[in-house]
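# Structural overview for review
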Amino acid sequence: MGLLDILLGRTKPVAPDLDQLFALPSAAVTLQAAAGFTPTGHGAVCFATVEGAAFEQTHREVQALLDADADRSGPPVELRQDDYGYSWLVSRRAPDQLPQLVNDLHAVNSSMEVNGFGPQLLCSLAGFTDDAGHRLALVYLYKRGTFYPFAPLSGTAQRRDNALELRVKAALGDDLRIEQDLSRWFPVWGAPGL
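Report follows, based on the coordinates.

Rules used throughout
Residues numbered from 1 in each chain as written. Predicted model: local features only at pLDDT ≥ 70, side-chain atom pairs only at ≥ 80, totals over all residues. Heavy atoms only, no water. Salt bridge = Lys/Arg side-chain N within 4 Å of Asp/Glu carboxyl O. Helix = DSSP H or I, 4+ residues; strand = E, 2+ residues; numbered from the N terminus. Buried < 20%, exposed > 50% of the residue type's maximum accessible area, 1.4 Å probe, protein only. Axes fitted to C-alpha atoms, helices over the stretch in contact; angles between N-to-C directions. Parallel < 35°, antiparallel > 145°, perpendicular 65-115°, else oblique. Left-handed = near helix turned anticlockwise from the far one by under 90°. Contact = heavy atoms within 4.5 Å. Nonpolar A, V, L, I, M, F, W, Y, C, P; charged D, E, K, R; others polar. Pairing = 2+ DSSP bridges. Polar contact = N/O pair within 3.5 Å; in protein donor to acceptor, adjacent residues only side chain to side chain.

### Notes on the pattern of salt bridges
Scanning all chains against the criterion turns up 7 salt bridges. The shortest N-O distance in the salt bridge between Glu78 and Arg92 comes to 2.8 Å. On the criterion of sequence distance, the pair formed by Glu78 in strand β2 (residues 77-81) and Arg92 in strand β3 (residues 86-92) is long-range, its members being 14 residues apart. For Glu78, a relative accessible area of 30% translates into the label partly exposed. The partly exposed category is assigned to Arg92, whose relative accessible area is 36%. Each of the salt bridges in this network shares a partner with another, and the network as a whole consists of Glu78, Arg80 and Arg92.

### Here we look at the packing of helix α3 (residues 53-67) against helix α4 (residues 98-117)
At a minimum axis separation of 10 Å, α3 and α4 run at an interaxial angle of 150 degrees. With respect to α4, the element α3 is oriented roughly antiparallel. The two elements α3 and α4 cross, and the hand of that crossing is right-handed. Two secondary-structure elements touch here, α3 through Ala54, Phe55, Thr58, Glu61, Val62, Leu65 and Leu66 and α4 through Asp104, Ala107, Val108, Ser111, Met112, Asn115 and Phe117. Each residue belonging to the contact of α3 with α4 can be placed in one class, and the counts come to 9 nonpolar, 3 polar and 2 charged.

### Details of the pairing of strand β6 (residues 146-150)
The buried fraction of β6 is high, at 5 of 5 residues. Residues Thr146, Tyr148 and Phe150 of β6 are buried on one face, and the alternating residues Phe147 and Pro149, pointing to the opposite face, are buried as well. In terms of strand pairing, strand β5 (residues 135-141) meets β6 through 5 bridges, oriented antiparallel. Looking at the pairing, Ala137 lines up with Phe150 of β6.

### What about the environment of Ser87?
Mapped onto the fold, Ser87 is located in strand β3. Note: C-alpha distance between Ser87 and Val50 (37 residues apart in sequence) is 8.0 Å. Sequence-distant contacts of Ser87, defined by excluding residues within four places in its chain, comprise Val45, Cys46, Phe47, Thr49, Leu79, Arg80 and Gln81. At 2.7 Å, the side chain of Ser87 and the side chain of Gln81 are in polar contact.

Spelled out as structure tokens, the structure:
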């Protein structure tokens with residue numbers, strides 16, 4: 001960053017740090033103690049829709065990599081499209097296999113990044129639920145290298161539980177690099193894996 005960048009208020013974008021995903025299992029322990037949320041075993045990686053042979057090859061590589069896991073039953077990664085035109089690679093594990101789910105999310109992100117699809121990566125999420133059936137996702141923003149909680153309210157209207165999100169933010173501040181700019185806490189309505 002040069003002097004002109006400083007004078008004009010430009011900042012360097014934060015480099016993605018995929019290793020931040022490995023903090024999720026310890027954060028899950030804190031989340032359960034502080035708010036009663038446990039992992040669902042579902043997670044997903046979201047990216048801008050990509051078409052073509054190069055992406056298909058990357059998807060096959062990710063599929064083969066995750067198929068090598070003998071502890072998994074069923075398809076390891078499912079490719080889905082949401083109502084907003086984004087693509088999701090969804091992984092499902094047993095609820096007590098959060099470390100393995102994190103490995104899956106890391107592998108998907110790393111494979112896409114290595115194969116030149118890093119600019120299309122948007123976020124990754126891991127799903128949680130409590131005894132009352134409330135849902136929560138811890139969302140990792142790829143381009144910011146930070147996490148934020150997303151807590152959709154049950155029902156048909158797209159509303160979120162902001163109070164719960166702020167409680168989770170406070171509880172996980174020592175475990176995860178939390179996104180401080182609340183305007184970047186984008187809703188991920190209908191996200192597969194939530």
